[in-house]
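Residues per chain are reported as follows:
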Amino acid sequence: MKILSTYKVKISISHGAFKNTVEQYRLAVKFFIKVVLAEWTHISKIKSSLEQQRTVEVFSHKTASNPNPKYNFEKDFYKFPSYLRRAAITEAVGKVSSYKSNYENWLKTQKGKEPGTPKAGKIFPAMYRDNCFVRTGTNTACLKVFIKNTWDWVNIKLKNTDVNYIQKHCRTRKECVPTLRKRGKNWYLDFAFEEEVKIQEKSIEKQVIIGVDLGINNDCVCSAMKSDGTVIGRKFLDLSREKDSLNHAINRIKKAQQHGAKRTPKLWARAKGINTNIANLTAQFIIDTVISYNADVVIFEYLDLNGKKRGSKKQRLHLWKSRSVQAIAANKMHRLGKRISRICAWGTSKLAYDGSGEVERDEKNYSLCKFKSGKKYHCDLSASYNIGARYFIREILKSLSVTSRLDMEAKVPSCAKRTTCTLSTLISLNAELTA
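Analysis parameters
Residues numbered from 1 in each chain as written. Predicted model: local features only at pLDDT ≥ 70, side-chain atom pairs only at ≥ 80, totals over all residues. Heavy atoms only, no water. Helix = DSSP H or I, 4+ residues; strand = E, 2+ residues; numbered from the N terminus. Buried < 20%, exposed > 50% of the residue type's maximum accessible area, 1.4 Å probe, protein only. Contact = heavy atoms within 4.5 Å. Polar contact = N/O pair within 3.5 Å; in protein donor to acceptor, adjacent residues only side chain to side chain. Core = buried A, V, L, I, M, F, W, Y, C linked by side-chain atoms within 4.5 Å. Axes fitted to C-alpha atoms, helices over the stretch in contact; angles between N-to-C directions. Left-handed = near helix turned anticlockwise from the far one by under 90°. Nonpolar A, V, L, I, M, F, W, Y, C, P; charged D, E, K, R; others polar. Parallel < 35°, antiparallel > 145°, perpendicular 65-115°, else oblique. Pairing = 2+ DSSP bridges.

1. Concerning the environment of Thr 425
And step 1. Looking at the element boundaries, Thr 425 is found in helix H11 (residues 423-434).
And step 2. The class of Thr 425 is buried, set by a relative accessible area of 3%.
And step 3. Separated by 196 residues in sequence, Thr 425 and Gly 229 have C-alpha atoms that sit 9.2 Å apart.
And step 4. Apart from residues lying up to four places away in sequence, Thr 425 is in contact with Ile 393, Val 412, Ser 414, Cys 415 and Thr 420.
And step 5. Among the polar contacts made by the side chain of Thr 425, one reaches the side chain of Ser 414 at a distance of 3.4 Å.

Following this line, the structure appears as structure tokens:
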């Protein structure tokens, strides 16, 4: 499995030529989009992306063997670097190909708005080695940029902290081509790194999993489980200090809006920064739990976050944090050679893990619940049991033949419908399998 990661390195000296370089690249993409649209009937018949690139070059690039191209690229783009030209062609072909497929789908249904013609958009150039980017020292490099109406080399300085981080943490990874990008008022080189990881494979009977419930009261509850339903460990994470800071930031936004402020970018940036910190701490807590129990898989709830979400700002930030935690944890797990999985989230918190039915939340303390048997229990902990159990039930039934699976569903009816499965269902299923 290939893992790609990006690290941004700030350029210490800002230069006006960087802006001109990006503008020239976007204009080049715009030029090639027009060429590809005009010659699409010919280009679409070619399957190889490299051959498509060469065909567009024949149409537009003037050479000794091709002195009179149909479209003269060099007329408006004098001394344009060859690597950037080919990158612009590839970008243009991809945009036109996407537009054509979307337009064909729209013609079949005639639903919604007709797709608009492709545009260059806010894209940034990749600075290819030797052609556009050359390292001249540990913290220095040269970039080929558009300056004084020509393409020339400019010396740049990189921050020591960024360079030291790359040397410490990215030594074993393959460094790919950097991309010149602007964030706010600063310019960065985004270095991409590639590494090969082998994912461990274990039979379901030998796996140890971590069922994770990301809640509002407790930031994270982790339960380590085996395939027979044995819970071998539990861990809670409650970032009370960070949550107080987040609530304070949200209240400042509310107060500013009550006084007539429609946009509060600085206040929102602070709230999102605190939320990002909570997500990073939560993801690291999950990974530490995985390492301490030598687990193989982390199980999350599948959260449907598509479309516009209604509710308070606190709820929206929580939904964003949950998605961010899952993405960060997945990246860290893959680096360890382990996997993550997701299960249906319906009823994990509403159903008691012992199979007694729906729980009743405590009005004074929402993190506690009362089972129908009268027992009081931690609601998020019960949910983490159900999350882990549903994963094992799904994988065990998947490994059985159709006849055996139907037989198990007849003996344990609750495992037939995944949204009603709890930890007690997994225990009953294992009892039938061993019998």
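2. Here we look at the nonpolar core
And step 1. Judged by nonpolar contacts, the single largest core of 49 residues is most densely connected at Ile 11, Leu 143, Leu 180 and Leu 189.
And step 2. Listing elements by their share of this core, those giving two or more residues are helix H1 (16-38), helix H2 (40-43), helix H3 (49-60), helix H4 (82-109), strand S3 (140-147), strand S4 (150-157), helix H5 (160-169) and strand S7 (186-196).
And step 3. Sort the elements by how many residues they give to this core and H1 lands first, with 11 residues.
And step 4. Apart from the residues within four sequence positions on either side, Ile 11 is in contact with Phe 18, Leu 143, Ile 156, Lys 157, Leu 158, Leu 180, Trp 187, Tyr 188 and Leu 189.
And step 5. Counting residues in hydrophobic clusters, the runner-up holds 32 residues, among them Ala 224, Val 290, Ala 295 and Met 333.

3. Describing unusual backbone geometry
And step 1. With a phi close to 60 degrees, Lys 79 is a non-glycine residue in the positive phi region.
And step 2. Here Lys 79 is to be found in the loop between H3 and H4.

4. Considerations on the packing of helix H9 (residues 379-399) against H11
And step 1. It is at 8 Å that the axes of H9 and H11 come closest, and there the two elements cross at 35 degrees. Considering the relative orientation of H9 and H11, their crossing is left-handed. Facing H9, whose interface residues are Tyr 385, Asn 386, Ala 389, Phe 392, Ile 393, Ile 396 and Leu 397, H11 presents Leu 423, Thr 425, Leu 426, Leu 429, Asn 430 and Leu 433.
And step 2. For the contact of H9 with H11, a count of residues per class yields 10 nonpolar, 3 polar and no charged.

5. Topic: the packing of H3 against H4
And step 1. Relative orientation of the contacting elements H3 and H4 amounts to 110 degrees, with a least axis distance of 10 Å. The angle between the axes of H3 and H4 places the two elements in the roughly perpendicular class. Every residue of H4 that contacts H3 at Gln 52, Gln 53, Val 56 and Glu 57 is listed here: Arg 85, Arg 86, Ile 89, Thr 90 and Val 93.
And step 2. Along the lines of polarity and charge, the residues of the contact of H3 with H4 split into 3 nonpolar, 3 polar and 3 charged.

6. A word on the sheet that holds strand S14 (residues 368-370)
And step 1. Spatially, 3 strands are ordered S13-S14-S15 in an open sheet, and the strand pairing comes out antiparallel. With partners counted over all chains shown, the strands left at the sheet margins are strand S13 (360-361) and strand S15 (376-378), one partner each.
And step 2. By the bridge criterion, 3 bridges tie S14 to S15 in an arrangement that is antiparallel. Considered in S15, the bridge of Lys 370 is made with Lys 376.

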